[in-house]
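# Survey of secondary and tertiary structure
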Amino acid sequence: RFHHASASHLCSCSKTVSDEKYQDPFQLGRKDLKNLYEDIKKELLISAAELKEMCDYYFDGKGKAFRPMIVVLMARACNIHHNNSREVQASQRSVAVIAEMIHTASLVHDDVIDDANSRRGKMTVNQIWGERKAVLAGDFILSAASVALARIGNTTIVSVLTQVIEDLVRGEFLQLGSKENENERFAHYLEKTFKKTASLIANSCKAVSILGCPDPKVHEIAYQYGKNVGIAFQLIDDVLDFTSCADHLGKPAAADLKLGLATGPVLFACQQFPEMNALIMRRFSKPGDVERARRYVLQSDGVQQTTYLAQRYCHAATREISKLRPSPEREALIQLTEMVLMRDK
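It should be emphasised that the depicted structure is a prediction, and the values quoted were computed from it without experimental measurement.

A rise of 1.5 Å per residue sets the reference length of helix H11 (residues 216-243), with its 28 residues, at 40 Å; its end C-alpha atoms lie 40 Å apart and thus fit the reference within 8%. Of all 28 residues that make up H11, 22 are buried, and the element is covered over most of its length.

Below, the structure written as structure tokens:
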């Protein structure tokens, strides 16, 4: 029976059955994201030349637009589920634009907090223009996102997306603190990961589902999908900090350790090497701490454990999105969970 099942499964994958089913998510979402960065620049209509230059610097169109991609695919999947509409509404596309703006503002602020000198393979705004101006540029992008959000004219959507901004701030505070108690550390890490990374994806997905479909069950599916994919995305990010070289990542390797952060691979490694506890408590601040911690992580199964955890979150995301009516967009969102796990930068 198993062989029979898998054989019929193979047949259903053949090109004759459905070419559109196995489309690349980035191809499928591309038409809705055309001119995304031009639209963001329109939101940032700025008279001050320097501020304009700073904002344009990150919105250079070279980003993968991973978040807006998920948002437009989710919008289509929910619209098709609700009434078979294949169009993305203007308000739903606005959510994709706003999500990218909030994300970028948070990167600008993060780089200031972390005193980072490179991002996406180029120098950070704070390195070029200085910290004060970088903070103001981040604030400005957030304020422009808020204006765009108000223009959607839906109070529910406003409260869903302003939750993201609150979560980003709370997540940053969680990251600045650390847990004495080993048992609380992992929960603290996952909560921080949700607030800093996953909340934006979860709530943006929820917002477009609300705009496209009145069913609260669908809103919950969209939210859970975004939450699980978002946490998996960050877990893989934390793995790459140990396994990928700096040139490939576009930012320094072992950056998290240098910032004093104990991410998933470190916390798992700590179970095998309890002597890491002291390093975690002093946030890897003594000379040689970063190298020692990195060595422990690579000797342990911390990387594999974190990857396995990311897989579990991706499976949960797939389980959620599979509750929607079948569509190329639904399949693309399932495909995206695989891409999150396979990415190398």
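Now that the structure has been shown, we can carry on.
Turning to the packing of H11 against helix H14 (residues 264-272), a few remarks are in order. Here H11 crosses H14 at 75 degrees, and the two axes come no closer than 8 Å. Here H11 is positioned roughly perpendicular relative to H14, judged by the angle of their axes. Where H11 abuts H14, its residues Asp238, Val239 and Phe242 lie against Gly264, Pro265 and Val266. Here the residues of the contact of H11 with H14 sort into four nonpolar, one polar and one charged.

The contact between helix H17 (residues 302-321) and helix H18 (residues 328-342) brings their axes to 10 Å, and the two run at 180 degrees. In this view, H17 runs roughly antiparallel relative to H18, as classed from their interaxial angle. Of the residues in H18, those touching H17 at Ala310, Gln311, Cys314, Ala317, Thr318 and Ile321 are Arg330, Leu333, Ile334, Thr337, Val340 and Leu341. For the contact of H17 with H18, the class distribution of residues is eight nonpolar, three polar and one charged.

Another point: the confidence of the model for the chain. For the chain, per-residue confidence averages 90 on the pLDDT scale, and 92% of positions sit at 70 or higher. Mean pLDDT values over the elements of the chain span from 36, in helix H1 (residues 2-12), up to 98, in H17. Within the model, the stretch residues 1-20 combines pLDDT values under 50 with five contacts to residues more than four positions away or in other chains.

Let's shift gears to helix H8 (residues 131-152). Between the first and last C-alpha of H8 there are 32 Å, a value that for 22 residues agrees with the 32 Å anticipated at 1.5 Å per step. Those residues of H8 hidden inside the fold are in contact with helix H3 (36-43), helix H4 (49-58), helix H6 (90-114), helix H7 (125-129) and helix H9 (155-176).

A separate point is the environment of Arg170. Examined against the element boundaries, Arg170 turns out to sit in helix H9. Here Arg170 falls in the partly exposed class, since its relative accessible area comes to 47%. C-alpha separation for the pair Arg170 and Lys192, spaced 22 residues apart in sequence, amounts to 8.0 Å.

Parameters and conventions
- Residues numbered from 1 in each chain as written.
- Predicted model: local features only at pLDDT ≥ 70, side-chain atom pairs only at ≥ 80, totals over all residues.
- Heavy atoms only, no water.
- Helix = DSSP H or I, 4+ residues; strand = E, 2+ residues; numbered from the N terminus.
- Expected span 1.5 Å × (residues − 1).
- Buried < 20%, exposed > 50% of the residue type's maximum accessible area, 1.4 Å probe, protein only.
- Axes fitted to C-alpha atoms, helices over the stretch in contact; angles between N-to-C directions.
- Parallel < 35°, antiparallel > 145°, perpendicular 65-115°, else oblique.
- Contact = heavy atoms within 4.5 Å.
- Nonpolar A, V, L, I, M, F, W, Y, C, P; charged D, E, K, R; others polar.
- pLDDT = per-residue confidence, 0-100.

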